[in-house]
Amino acid sequence: MRTRLHSLFDQIEDEFSEIYTENTELRKTITALNEKLQTCDHAPSDKNELAPTNGLDILKSNIKGKSSGISSSQLSQRLKTTYKTGTSKLVSSFKPSANVICKAVQEFRGHKDGIWDVSSSQVNVNIAGSASADQKAKLRNTQNGECVATYHGHSGSVNCVRFHPERQVALTVSGDTTAQVWGYDCSGVNDELNDYDSVEGEEKHHDTPGNCLFGCNVYWYITDSTPQVSQDYHNPLICVTCHTSPVVGCDWLMDGVHFVTASWDRTSCLIDSSTSQTVQTLSGHDLPLTYVSAHSKQKLIVTSSKDATFRVCDFRVPTVHTVIVGQGHTQSISSAVFTTDEKIVSSSDDRCVKVWDLKSMRAPIASMRFDSPVNRISVSRRGVIVIPHDNRQIRLYDTSGARIARLPRNDRTSHRRVVTAATWVEGATPSVLTCGWDKLIIGWNIEIPNSLTLQK
């Protein structure tokens, strides 16, 4: 075996040597041709000399035999037309979005394993929650990066976290098959942005190495204020076990009383938090569920599954529960969420994001295809979709399918591994939070002009 491996490595080295030699010869040939071209360009013109004097003439002379019946003006026009036609689509796809500002402003650490989900509080926009495979859920102050609370109540991977729409209550679900509701107290978190300032405000901050936690023209600083003590929570207010397999998704309904869960057992449960009882178990998917989302203003929920479908359940009429099945993806759907203008946006492992009209689900009204599977997306009130990918890219599109921007990615200001989820933080900075398997949460400051969005 060892002899065989050595023989293979020797063959590889020989191939690299041959390629290197060929590359060197090609470089010499290109250099010689460039020198000849420069000599022709600088040679004095002669009436009796027919030698070409520029690149276009050289091209004409090379194809003279094939285009002897075409005049020089016709040939020039044909070359221009071919160039414009061949590059118009490529150039249009790379048009810069100069008016969109995207930069990383925060980085949160603390989890010991990959992060599945991230969410922001509606009660206090400066509080964000994260769910991790390290069996913990953490709450953070997005203004100074401090961890203000850690929940230890689960015995399995925490797969999703959602905040109550009106109270300081969080909902988490886990691989231990439970959904747990627990309270927290973050009333001391200041809503004002006091802990951060621009580089010009150096008199407010330390100027010693180590306070600047980020490089490449993106900075945040630690102030002299006393760090807030992180609180540990172990006991839930409500613990519901209504599934037989890991629970991967959850969300609060608009009334703040009911919440919904999604599990690998192919069911979704509607639960009354006031009684801890399961109101209804929703079935119909052929494969495990991957996500569930509730409408912010109506009693509607949408579940997504590995069977490449999503199902919209209507609870607006108590006696009639309408179910609409959305079909259009070819692989597992990673998430499906509602927008504020009665649309649904779905993301899938088939590398597509599709927008659907809630009133007509026969075909998507917009479709976006990418080069990598898409994970848990989020849609802002203005209709901007933040799209995290397996290949670490994060893109911004509107619900018409138009590209707005791509968040910068390099070794310092981006995720190092798969980006699993993203969420908008309405009315605060950072305005977008993303998380991934690199155990990081990154806050992004995104400024989009109203002219580039559909929903005002």
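Note that this is a predicted model, so its numbers are computed, not measured.

### Considerations on the pattern of salt bridges
Pairing of side chains with opposite charge becomes possible as their charged atoms draw close.
Phase 1 of the analysis: If you walk through the whole model with that rule in mind, you get eight salt bridges.
Phase 2 of the analysis: Here D117 makes a salt bridge to R376, at a shortest N to O gap of 3.7 Å. Of this pair, D117 sits in strand β2 (residues 115–120) while R376 sits in the loop between β22 (366–369) and β23 (378–379); the two residues are 259 residues apart in sequence, bridging distant segments of the chain.
Phase 3 of the analysis: Note on R376: relative accessible area 9%, which makes it buried.
Phase 4 of the analysis: Several salt bridges share partner residues, and in doing so they unite E107, R109 and R416 into one network.

### A short note on the sheet that holds strand β28 (residues 432–436)
Phase 1 of the analysis: The strand order across the open sheet formed by four strands is β1-β29-β28-β27, and the pairing between neighbours is antiparallel. Two strands bound the open sheet, and with one partner strand each, they are β1 (101–108) and β27 (419–424). Recorded for the sheet is a direction-independent mean angle of 25 degrees between the axes of neighbouring strands.

### Structural notes on the layout of surface pockets
Any empty space left between atoms is shown by rolling a water-sized probe over those atoms.
Phase 1 of the analysis: A volume near 1000 Å³ is recorded for the largest pocket.
Phase 2 of the analysis: Taken together, 38 residues line the largest pocket, and the ones lying closest to its centre are Q122, D251, A294, S296 and V379.
Phase 3 of the analysis: Partitioned by chemical class, the residues of the lining of the largest pocket number 18 nonpolar, twelve polar and eight charged.
Phase 4 of the analysis: Forming the boundary of the second largest pocket are 18 residues, of which W116, V248, W264, T290 and R376 lie nearest the centre.

### A few points about the pairing of strand β21 (residues 352–357)
Regular strands show a simple pattern: their side chains alternate between the two faces of the sheet.
Phase 1 of the analysis: With five of six residues buried, β21 is to be regarded as a mostly interior element.
Phase 2 of the analysis: Judged from the five bridges that link them, strand β20 (residues 343–348) and β21 form a sheet pairing that is antiparallel. Of the residues in β21, the one forming a bridge with I344 is W356.
Phase 3 of the analysis: Counting the residues in the hairpin turn of β20 and β21 gives three residues, including R351, whose phi is positive at 70 degrees.
Phase 4 of the analysis: The pairing of β21 with β22 spans four bridges and is antiparallel. Within the sheet, the bridge partner assigned to K354 lies in β22 and is S367.

### Examining the packing of aromatic side chains
Phase 1 of the analysis: By the definition in use, this model includes eight aromatic pairs.
Phase 2 of the analysis: Relative to Y184, the ring of F163 has its centre 5.9 Å away and its plane inclined at 80 degrees; by these criteria the two rings are edge-to-face. In this pair, F163 sits in strand β6 (residues 158–163) while Y184 sits in the loop between β8 (179–183) and β9 (231–233), placing the two residues 21 residues apart along the sequence. Per residue, the accessibility class of F163 equals that of Y184, and both read buried.
Phase 3 of the analysis: Aromatic pair F370 and Y397: ring centres 5.2 Å apart, planes at 85 degrees, arrangement edge-to-face. Linking F370 in the loop between β22 and β23 with Y397 in strand β25 (residues 394–398), this pair joins segments that are 27 residues apart in sequence.

### A few points about the nonpolar core
Phase 1 of the analysis: In this structure, L396, W444, I446 and I448 are the most contacted members of the largest nonpolar core, which totals 18 residues.
Phase 2 of the analysis: Mapped by element, the contributors of at least two residues to this core are β1, β24 (384–388), β25, β26 (403–406), β27 and β29 (441–447).
Phase 3 of the analysis: Excluding residues within four positions of it along the chain, W444 makes contact with K103, A104, V105, I394, L407, P408, T413, S414, P430, S431, V432 and T434.

Procedures and definitions
Residues numbered from 1 in each chain as written. Predicted model: local features only at pLDDT ≥ 70, side-chain atom pairs only at ≥ 80, totals over all residues. Heavy atoms only, no water. Salt bridge = Lys/Arg side-chain N within 4 Å of Asp/Glu carboxyl O. Helix = DSSP H or I, 4+ residues; strand = E, 2+ residues; numbered from the N terminus. Buried < 20%, exposed > 50% of the residue type's maximum accessible area, 1.4 Å probe, protein only. Pairing = 2+ DSSP bridges. Axes fitted to C-alpha atoms, helices over the stretch in contact; angles between N-to-C directions. 1 Å grid on protein atoms, 1.4 Å probe; cavity = no way out; pocket = protein on both sides within 12 Å on 5 of 7 lines; lining within 4 Å. Points joined across faces, edges and corners; volume = space filled by probe spheres on them. Nonpolar A, V, L, I, M, F, W, Y, C, P; charged D, E, K, R; others polar. Phe/Tyr/Trp six-rings, centres within 6.5 Å; stacked < 30°, edge-to-face > 60°. Core = buried A, V, L, I, M, F, W, Y, C linked by side-chain atoms within 4.5 Å. Contact = heavy atoms within 4.5 Å.

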